[in-house]
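Structure assessment
Spelled out, the chains give:
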Amino acid sequence: MANKECSKYPVGSEVKLSYNEQFDYFYKPDGLKRDRNRLLFLAIIFILSITPWKKIIKIKV
């Protein structure tokens, strides 16, 4: 966990963390939900950016 994240909790509080043995770091398991939302948002932006809008909305110039 980052120092900024640790400062949110009072001294002596218990925080549930998971350990990634392969890369040797601890993480909060609920952070994956936040990351999933970010990926969904980026996927929507990507799909909107590659859509051929000129063919869908026949704009006459």
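Residues numbered from 1 in each chain as written. Predicted model: local features only at pLDDT ≥ 70, side-chain atom pairs only at ≥ 80, totals over all residues. Heavy atoms only, no water.

All right, on to the overall build of the chain then. Looking only at helices and strands, one finds 3 helices and 2 strands in the chain. Relative to the compact-globule value of 10 Å for 61 residues, the chain shows a C-alpha radius of gyration of 21 Å, a clear excess of over 25%. Based on the C-alpha atoms only, the size of the chain along its principal axes is roughly 65 × 25 × 15 Å. Out of the 61 residues in the chain, the part that is buried amounts to 3%. When the accessible area of the chain is evaluated, it comes to approximately 6,300 Å², of which 62% is carbon and sulfur surface. Taking the average place of the 12 positive charges on the side chains of the chain and the average place of its 6 negative ones, the gap between the two points comes to 22 Å. (Helix = DSSP H or I, 4+ residues; strand = E, 2+ residues; numbered from the N terminus. Rg over C-alpha atoms; globule rule 2.2 N^0.38 Å. Buried < 20%, exposed > 50% of the residue type's maximum accessible area, 1.4 Å probe, protein only. Areas by Shrake-Rupley, 256 points an atom, 1.4 Å probe, with all protein chains shown as cover. Lys, Arg positive; Asp, Glu negative; His and termini not counted. Charge placed at Lys NZ, Arg CZ, Asp CG, Glu CD.)

The next subject is the packing of aromatic side chains. Scanning the model with the defined rule gives 1 aromatic pair in all. Between Y19 and F26, the ring centres sit 4.9 Å apart and the planes meet at 45 degrees, which makes this aromatic pair tilted. (Phe/Tyr/Trp six-rings, centres within 6.5 Å; stacked < 30°, edge-to-face > 60°.)

This part is about the side chain of N20. Along the polypeptide, N20 turns up in strand β1 (residues 18-20). Using a relative accessible area of 18% as the deciding quantity, one classes N20 as buried. At a separation of 3.1 Å, a polar atom in the side chain of N20 contacts the main-chain amide nitrogen of Q22. Beyond its immediate sequence surroundings of up to four residues, N20 is in contact with Y25 and Y27. (Polar contact = N/O pair within 3.5 Å; in protein donor to acceptor, adjacent residues only side chain to side chain. Contact = heavy atoms within 4.5 Å.)

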